[in-house]
Amino acid sequence: MTYTTRPSGAGTAPRADQPLSMDPTAAVPEAPSVGAVGTGGAAGAAATGAAEAPPPRKQRDPFFDNAKYFAILLVVVGHSLAYLQDVPLAQGLYLFIYMFHMPLFVLITGYFSRNWTFSAGKARRLITTVGVPYVVFETAYSLYHWLAGGNKLEISLLSPYYLTWFLCALFLWRLSTPVWQQIRWPLAVAIGIALLAYMSDLGDTFDIHRVLGLLPFYVLGLTLRPEHFELLKKPVLRPIGAVVLLAGVGGAFFVMDRMSRGWIYWKHPHEAFNVGNFSGSLMRMAMFACAAVLVAAFLTQIPRKRYWFTGLGAATLYAYLLHGFLTRTMNFTDGWSMDWMHTVPGILIVIVIAMTIGTLLCTKWVVRTMSWALEPKMTWVFTPLRRPNRKG
């Protein structure tokens, strides 16, 4: 996610017993079938023809909701530190966060997309929870860019604005899911496509370099299984993961003045860094490996149980799309230029404020207020699934 004047970036009513937001990065549960009529002790029910109550819906794993909650805090903090790069503390932390925070989200998205198909229900949900929010927020951010920023009005669904690139990418990744589920070496193919994508300038349409460059993390998520995450939950790996993360922080501070910051945005071809395709591909492979290691280390630190913040992890897309208006407001009003922010204590205060805002934007009140835009009820748009006429 870059920070230019116009950067090119990332239903049904809620039930009382379910999280308010069914995050589009999460799995889409199939509708449970009605159970067979009981026997024995249920003879009375059988006599009246009453069906058993449907089985309870599978509970969300708090581990993943916790992971998404802490990941969205990294996103909000990272965007807040972007404008304070003259302070070494902010510069090093920013580089560290950007090395893995979006690969983390993309990997989890891929993991929960393993069962995605072109069935009517899932296709409709893809449209209402990804496609429609993309159009709404691409338009909203462009209008805000014009009205509040005093810039030229430009609304282009082909050129994602600021954070909206993630919705565009998610839409395309999920459409490609059936392909990755049927080829023999999906991760190797995805890495090959990503490396080839950076060898030439593909333009800005759909922020295509990001879509293809981060594709390996989505495909990696598709190939993972629950037992892989169970390994990361083992207590013995927690101190190892902490050491790896600390090493990542140290590495970020070491290289922050030795590498172009543009690499961590995953959006520029090799020629933008004045390197050849061989050297650039080696750099990309190193970044893939580094991001994968940091993602794994981060997940070893995630709490396994349910806490007060666990439910907030189901609404991270709300925080992701809405916090951008606050960061853009600060940018348009030169709010980031306040002197107190450009100090070590100021950086720490900004981090706390960013984490607080990220938390508040995941709350039930925000979800209820903004669900019309992120989880709209659009049953009137759809028709029964059209099937080809086989008689012709």
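Higher on the page you've got the structure.
Definitions and cut-offs
- Residues numbered from 1 in each chain as written.
- Predicted model: local features only at pLDDT ≥ 70, side-chain atom pairs only at ≥ 80, totals over all residues.
- Heavy atoms only, no water.
- Helix = DSSP H or I, 4+ residues; strand = E, 2+ residues; numbered from the N terminus.
- Buried < 20%, exposed > 50% of the residue type's maximum accessible area, 1.4 Å probe, protein only.
- Areas by Shrake-Rupley, 256 points an atom, 1.4 Å probe, with all protein chains shown as cover.
- Expected span 1.5 Å × (residues − 1).
- Arc of directions from axis to C-beta.
- Contact = heavy atoms within 4.5 Å.
- Salt bridge = Lys/Arg side-chain N within 4 Å of Asp/Glu carboxyl O.
- Phe/Tyr/Trp six-rings, centres within 6.5 Å; stacked < 30°, edge-to-face > 60°.
- Lys NZ or Arg CZ within 6 Å of the ring centre and 35° of its normal.
- Polar contact = N/O pair within 3.5 Å; in protein donor to acceptor, adjacent residues only side chain to side chain.
- Axes fitted to C-alpha atoms, helices over the stretch in contact; angles between N-to-C directions.
- Parallel < 35°, antiparallel > 145°, perpendicular 65-115°, else oblique.
- Nonpolar A, V, L, I, M, F, W, Y, C, P; charged D, E, K, R; others polar.
- Patch = residues over 30% accessible without salt bridge, like charges linked within 9 Å, V, L, I, M, F, W, Y side chains within 5 Å.

**Section: the overall build of the chain**
Then, number 1: For the chain, the count of helices and strands is 15 helices and zero strands.
Then, number 2: For the chain, the proportion of its 392 residues judged to be buried stands at 48%.
Then, number 3: A total accessible area of about 18,900 Å² is found for the chain, and carbon and sulfur atoms account for 66% of it.

**Quick look at helix α7 (residues 186-197)**
Then, number 1: Taking 1.5 Å per residue, twelve residues should reach 16 Å; α7 reaches 16 Å between its end C-alpha atoms and fits that length.
Then, number 2: Taken together, the buried positions of α7 are occupied by P186, A190, A194, L195 and A197. Angularly, the buried residues of α7 cover 165° about the axis, an arc narrow enough to put them on a single face. Seen from the open side of α7, the exposed residues pointing more than 90 degrees away from its buried face are A188 and L196.
Then, number 3: Close packing links the buried residues of α7 with α6 (165-180), α8 (208-213), α9 (215-223) and α12 (277-300).

**A look at the environment of Y134**
Then, number 1: Tracing the sequence through the fold places Y134 in helix α5 (residues 120-147).
Then, number 2: A C-alpha to C-alpha distance of 6.7 Å links Y134 and C168, two positions 34 residues apart in sequence.

**Looking at the pattern of salt bridges**
If the charged atoms of two oppositely charged side chains come close together, the side chains can form a pair.
Then, number 1: One pass over the full model with this rule turns up six salt bridges.
Then, number 2: Of the charged contacts in the structure, one is a salt bridge between E230 and K233, with a shortest N-O distance of 3.1 Å.
Then, number 3: When salt bridges with common partners are traced through the structure, they connect R60, D65 and K68 into a single cluster.

**Some remarks on the packing of aromatic side chains**
Then, number 1: Taken as a whole, this structure holds 32 aromatic pairs when the rule is applied.
Then, number 2: Seen from their ring centres, Y83 and W336 are 5.0 Å apart, and the 10° between their planes marks the pair as stacked. Here W336 lies in the loop between α13 (316-332) and α14 (344-360) and Y83 lies in the loop between α2 (62-81) and α3 (88-98), a separation of 253 residues in the sequence. Each member of the pair, Y83 together with W336, is buried.
Then, number 3: Where Y144 meets F325, the ring centres are 5.5 Å apart and the plane angle is 80°; that geometry is what we call edge-to-face. Placement of Y144 in helix α5 and of F325 in helix α13 is noted, with a sequence separation of 181 residues between them.
Then, number 4: An aromatic cluster of three or more residues is present, and its members are F137, Y141, Y144, Y161, Y162, F325 and F332.
Then, number 5: Over the ring of W185 we find R184; its NZ or CZ atom is 5.9 Å from the centre of that ring.

**Considering the side chain of T300**
Then, number 1: With respect to the helices and strands, the residue T300 is situated in helix α12.
Then, number 2: At 2.5 Å, the side chain of T300 and the backbone oxygen of A297 are in polar contact.
Then, number 3: Setting aside residues no more than four positions away along its own chain, T300 makes contact with L232, L237, R238 and G241.

**A few points about the environment of G150**
Then, number 1: The residue G150 is located in the loop between α5 and α6 in this model.
Then, number 2: On the basis of relative accessible area, G150 is assigned to the exposed category, the value being 65%.
Then, number 3: In this structure the C-alpha to C-alpha distance between G150 and F332, which are 182 residues apart in sequence, comes to 8.5 Å.

**Thoughts on α14**
An α-helical turn contains 3.6 residues, so any two residues separated by three or four positions project in the same direction.
Then, number 1: The end-to-end C-alpha distance of α14 is 25 Å, a good match for the 24 Å that 17 residues give at a rise of 1.5 Å each.
Then, number 2: Those residues of α14 that sit buried are G346, I347, V350, I351, A354, G358 and T359.
Then, number 3: Contact partners of the buried residues in α14: α2, α3 and α13.
Then, number 4: Of the residues that open α14, the one with a side-chain oxygen 3.0 Å from the backbone nitrogen of G346 is T343.

**What to know about the packing of α3 against α14**
Then, number 1: Where α3 contacts α14, the two axes come as close as 9 Å, and the packing angle between them is 40°. Regarding the angle of α3 to α14, the classification is oblique. The residues of α14 that touch α3, namely those facing L89, A90 and L93, are V344, I347, L348 and I351.
Then, number 2: Class assignment for the residues of the contact of α3 with α14 results in seven nonpolar, no polar and no charged.

**Let's talk about unusual backbone geometry**
Then, number 1: Even without a glycine there, the phi angle at F206 is positive, about 60°.
Then, number 2: Structurally, the position occupied by F206 is in the loop between α7 and α8.
Then, number 3: For F206, a relative accessible area of 29% corresponds to the partly exposed category.
Then, number 4: In the Ramachandran plot, D207 falls in the positive-phi region, its phi being about 50° despite a non-glycine side chain.
Then, number 5: Turning to its location among the elements, D207 is positioned in the loop between α7 and α8.

**Regarding a nonpolar patch on the surface**
Then, number 1: Side chains of L143, W146, L147, L153 and I155 sit close together on the surface and give an oily, nonpolar patch of about 450 Å² of accessible area.
Then, number 2: Looking at the secondary structure, you find L147 in helix α5.

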